[in-house]
Amino acid sequence: MAINNHPSPINQEEIRVRGTVQGVGFRPTVYRLAKACNLVGEVCNDGQGVLIYVSGTTDAIAEFVQRLQLESPPLARIESIDRTFYQGDRVFCDFTITQSVNSTVQTQIPPDAATCPQCQAETLDSRSRWYNYPFTNCTHCGPRLSIIRSIPYDRKHTSMAEFGMCPHCAREYLDIENRRFHAQPIACPICGPTVWLEGANGEKIDTSNPIDTVCTLLQQGKIVAIKGLGGIHLACDATNETTVQNLRSRKQRYHKPFALMARDLAVIEQYCTLNAKERELLQSPAAPIVLIDVIPNRDNCRDVACNVSTPKIADSVASGQMTLGFMLPYTPLHHLIMQRLDYPIILTSGNLSDEPQCIDNQDARLKLSKIADYFLLHNRDIVNRVDDSVVRVIPSKRQPQNFDGGGFSHIRVTNKDNRETRPYRGTMARHTLYTQTLRRARGYAPQPIPLPPGFENSPPILAMGSELKNTFCLLRDGKAILSQHLGDLENAAAFNTYQNTLNLYLNLFEHKPSAIATDKHPEYLSTKLGQELATANHLTLHPIQHHHAHIAACMAENSIPLNTSPVLGIALDGLGYGEDGTIWGGEFLYADYRKFQRLGRFKPIAMIGGEQAIYQPWRNTYAHLMAALNWETLQQEYGDLDLIQFLDQKPRPLLNQLMEKGINAPLASSTGRLFDAVAAALGICRAECSYEGQAAIEMEALVTQDSLNYVKELAVYPFEIANLDKGTLFELEPRPLWLALLEDLKQNVPKSLIAAKFHQGLADAIANMVQQLSPDLISNHVILTGGVFQNRIFFTQVSENLERMGMKVLTQSVVPPNDGGLSLGQAVIAAAQSVSYRERLKQNVGAGLGTNFRLPTE
């Protein structure tokens, strides 16, 4: 047998890796794999990601590239790997890691990550040099977005720059075999940030262990402001009703549920029922707040896992709710605080109600001194405010999205002759549980969202987002970067934060938009700022209809290609500025990325008092009743109801005049206001609510599985479908609902059954409307989006109805269905509209756009 003694030829390649590959231990992984594959060369960070030079055999380089995809660090997200022949004249004798190179920014900033198991163990191990140290971290965990000022992501570009490394940390930082190799926030008690305790008067408390003292203070019923990873929180004992009431009073947050932190899953299981997906989310690197069902009738629970001797959570933590928002400790500081507590604490944003969370020590002292009794502060600056993310798990029969905060993991590998090869897809196993993001911030932002085919060469876009639950979006190079949740811009401090964060992102990513997308509402502060930026920079402005943006965001997340024919989108929310200048909020739109046609709507009903109707739900009830019946009939037939007696005490002649003349009583096809109207009819938050959606949320909590099963045997509340404008627009008429609901109130039907009949009846009405519209639709895909679909019961019922009809339901997981995802929709619509309409028309000749869907003439 012949033996080939000729060695394989040596090749040299330049390998470019893009994605979230800085600050996550990627270069050490490259080093380890290169050594294992007997390669020589070097690796460095630059503005585009990671640049690798390798020299070795063809087979060794191929193995290296394959292993790089399969063995990348836990927090890394590889977007693409591009291979070319190395044309330089350098000769490599070993494999090394070199200093970062400044260049045009095309890389990604990793989200902050919860403490990894190794760092947690070291923090709690008395033999470790990180014992009791609240800032322990490594390349697998710790601060990222919250401390970065510019990129490349190196220590000198973060708020850790002022902390020089001690010899021990420097040695580990330079040790290629150590998991802290090039961990930029590396620190220890000798050289790193420090923590201290002070009173509300600003005087430092003399204690050898400030964190342990905080634990004692919490046990004593004190309220403590704690500076954490992305902001300052207010903490107190969640089982102490008096303390929780004090926190509500001082913070001026009277009803909105508080978030909770528990030491471990075992503590959470004393209060809530956990499924596998909820466990996974709680323990993930993102460590979000997860809304979890409480144990029914916990005080009478006989389940072994339910220890009724555990202190009861105060009623005022989440009054009127059947879920609790829990998170686990996600920094060493939190682990140290919680280790002695076998019950939950409240951990809520350190701010006055509706203001941004404090991040600066002095700002916290000024704003929180009348709320907190004590302050646990540290001297590592928080550069970027990052709130806690909020998610929930919903049962689903459909294939879920890969929930990693960014989208499907699709690595494009281009070989040296520029042919794309070996696509690597990371997908989840089939589940029956679907994750819905309600607030996307810590742990997920600013992870990029890959856009569908057709957007690869889109021009750079800046989308300004909405007024409420604001995020903004930077779009370029086939991906979208959403900011973290920035709150409600109607608050002056929140709007200032919005502008500062926008400037930071534009600088961090060196983003130079060619166009700006805004909401069409002329009074949104984000819209006005977008208009000013467009004018000042001579940029194209794209005003985007609110509900079209909701639908487009869902299309983009579900990877619907740019040139796909229209789909039916159902966008249900509180309000959005309509094409006709009225308020929309219950919309059936036939849409692609460029335009839409309104096929259906909820019947417009007056919002008496405008914004007052959001916070005084009885106004919506009165408007709906007067649209369905007259007052004489209401008094004659239902005068004994407390609802009618309550409404009779209001200034009805004035209210009627406002509605008749359209004075501060705009018509709105708002689904959110319909929910409020029904809730108020049941006596839920009838007079007022302290936050938008409170009435609807508390009504949802009344609906039990038993009540849902029971109403399936009953006649649920009906709706009519009216044919308007010669069949080009259909309308859901709620009059039959109100006639049936009033009769049930008259018969003293339990509120839980009325709430269940409403949810099921409205879900059936949605299905009937889709059935009415379906003959003219090309696709059987239906998009469900908008804040109303955060109602888990309603979302599930609508989805099941549509799936039984043979429709394919698409919804959101990576971005919120509420206004927090709106900027993504604005961005992709603006990008799509930047493509020639004439070219679009040519591409769709013969494809069929439906009988009622027309492209504009040029």
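From a predicted model like this one, the values you see are computed outputs, not experimental measurements.

Quick notes on the overall build of the protein
Stage number 1. Scanning the protein from N- to C-terminus turns up 26 helices and 32 strands.
Stage number 2. Computed over the C-alpha atoms, the radius of gyration of the protein is 28 Å, within 12% of the 29 Å expected from 2.2 N^0.38 for a compact globule of 858 residues.
Stage number 3. Overall, the C-alpha framework of the protein stretches about 100 × 75 × 60 Å when taken along its three principal axes.
Stage number 4. Relative to its 858 residues, the protein shows a buried fraction of 60%.
Stage number 5. If you take every contact in the protein between residues at least 6 apart in sequence, the share linking residues at least 24 apart comes to 76%.
Stage number 6. Carbon and sulfur atoms provide 48% of the accessible area of the protein, an area that totals close to 33,500 Å².

Here's the deal with the confidence of the model for the protein
Stage number 1. The pLDDT averaged across the protein works out to 90; a share of 90% of its residues lies at or above 70.
Stage number 2. Taken as a whole, residues 398-410 scores under 50 in pLDDT and shows 55 contacts with residues more than four places along the chain or in a different chain.
Stage number 3. Of the regions scoring below 50 in pLDDT, residues 845-858 engages in 31 contacts with residues more than four places distant in sequence or in other chains.

Observations regarding the packing of helix α13 (residues 546-557) against helix α25 (residues 822-833)
Stage number 1. Where α13 contacts α25, the axes come no closer than 7 Å and their chain directions differ by 85°. As summarised for this structure, α13 and α25 are arranged roughly perpendicular, according to the angle between their axes. Contacts from His546, His548, Ala549, His550, Ala552, Ala553 and Ala556 in α13 reach Leu822, Leu824, Gly825, Gln826, Val828 and Ile829 in α25.
Stage number 2. Its residues placed into classes, the contact of α13 with α25 shows eight nonpolar, five polar and no charged.

Describing the packing of aromatic side chains
Stage number 1. Tallied over the full model, the rule gives 18 aromatic pairs.
Stage number 2. Relative to Phe95, the ring of Tyr31 lies with its centre 6.3 Å away and its plane at 65°, an arrangement referred to as edge-to-face. Placement of Tyr31 in helix α1 (residues 26-36) and of Phe95 in strand β5 (residues 95-97) is noted, with a sequence separation of 64 residues between them. With respect to class, Tyr31 is no different from Phe95; both count as buried.
Stage number 3. Ring centres of Tyr86 and Phe92 lie 6.1 Å apart, and the angle between their planes is 50°; this geometry places the pair in the tilted category.
Stage number 4. Using a relative accessible area of 14% as the deciding quantity, one classes Tyr86 as buried.
Stage number 5. Exposure remark for Phe92: the relative accessible area of 13% places this residue in the buried category.
Stage number 6. Put simply, the rings of Tyr434, Phe675, Phe758, Phe789, Phe794 and Phe795 pair up and form one aromatic cluster.
Stage number 7. Its end group placed over the ring of Phe258, Arg248 keeps NZ or CZ at 4.1 Å from the ring centre.
Stage number 8. Between the NZ or CZ atom of Lys650 and the centre of the ring of Trp618, over which it lies, the distance is 4.7 Å.

Concerning the nonpolar core
Stage number 1. Trp738 and Phe794 are the most contacted members of the largest nonpolar core, which totals 78 residues.
Stage number 2. Broken down by element, the residue count for this core peaks at 13 residues, all from helix α23 (residues 751-773).

Some details on the sheet that holds strand β7 (residues 224-227)
Stage number 1. Strand order in the open sheet formed by ten strands is β6-β13-β7-β8-β12-β9-β11-β10-β14-β17, and the pairing between neighbours is mixed. At either end of the open sheet lies a strand with only one pairing partner, and these are β6 (195-199) and β17 (433-439). Direction aside, the axes of adjacent strands within the sheet are offset by 35° on average.
Stage number 2. Where strand β8 (residues 232-237) and strand β12 (residues 345-349) come together, five bridges link them in antiparallel fashion. When the bridges of β12 are listed, His233 appears paired with Ser349.
Stage number 3. In the packing of helix α10 (residues 361-368) onto the sheet, contacts are made with β6, β7, β8 and β13 (374-378), and the angle to β13 comes to roughly 170°.
Stage number 4. Seen against the sheet, helix α24 (residues 792-804) touches β10 (289-293), β11 (323-327), β14 (390-395) and β17 and runs at an angle of roughly 40° to β14.

Points about the pattern of salt bridges
Stage number 1. One pass over the full model with this rule turns up 37 salt bridges.
Stage number 2. The residue Glu71 makes a salt bridge to Arg32 at a minimum N-O spacing of 3.5 Å. Here Glu71 is found in the loop between α2 (58-70) and β4 (77-85), whereas its partner Arg32 is found in helix α1, with 39 residues between them in sequence.

Regarding the sheet that holds strand β22 (residues 515-519)
Adjacent strands of a sheet pair through backbone hydrogen bonds, lying either parallel or antiparallel.
Stage number 1. Ordered in space as β18-β21-β20-β19-β22-β23, the six strands form an open sheet in which the pairing is mixed. Only two strands of the sheet have a single neighbouring strand rather than two, namely β18 (449-450) and β23 (540-544).
Stage number 2. Pairing of β18 with strand β21 (residues 479-482), which is carried by two bridges, proceeds in the antiparallel orientation. Bridge assignment links Ile449 to a residue of β21, and that residue is Ala480.
Stage number 3. In the packing of helix α12 (residues 525-537) onto the sheet, the strands contacted are β19 (461-463), β22 and β23, and the crossing angle to β22 comes to about 160°.

So, how was this worked out
Residues numbered from 1 in each chain as written. Predicted model: local features only at pLDDT ≥ 70, side-chain atom pairs only at ≥ 80, totals over all residues. Heavy atoms only, no water. Helix = DSSP H or I, 4+ residues; strand = E, 2+ residues; numbered from the N terminus. Rg over C-alpha atoms; globule rule 2.2 N^0.38 Å. Buried < 20%, exposed > 50% of the residue type's maximum accessible area, 1.4 Å probe, protein only. Contact = heavy atoms within 4.5 Å. Areas by Shrake-Rupley, 256 points an atom, 1.4 Å probe, with all protein chains shown as cover. pLDDT = per-residue confidence, 0-100. Axes fitted to C-alpha atoms, helices over the stretch in contact; angles between N-to-C directions. Parallel < 35°, antiparallel > 145°, perpendicular 65-115°, else oblique. Nonpolar A, V, L, I, M, F, W, Y, C, P; charged D, E, K, R; others polar. Phe/Tyr/Trp six-rings, centres within 6.5 Å; stacked < 30°, edge-to-face > 60°. Lys NZ or Arg CZ within 6 Å of the ring centre and 35° of its normal. Core = buried A, V, L, I, M, F, W, Y, C linked by side-chain atoms within 4.5 Å. Pairing = 2+ DSSP bridges. Salt bridge = Lys/Arg side-chain N within 4 Å of Asp/Glu carboxyl O.

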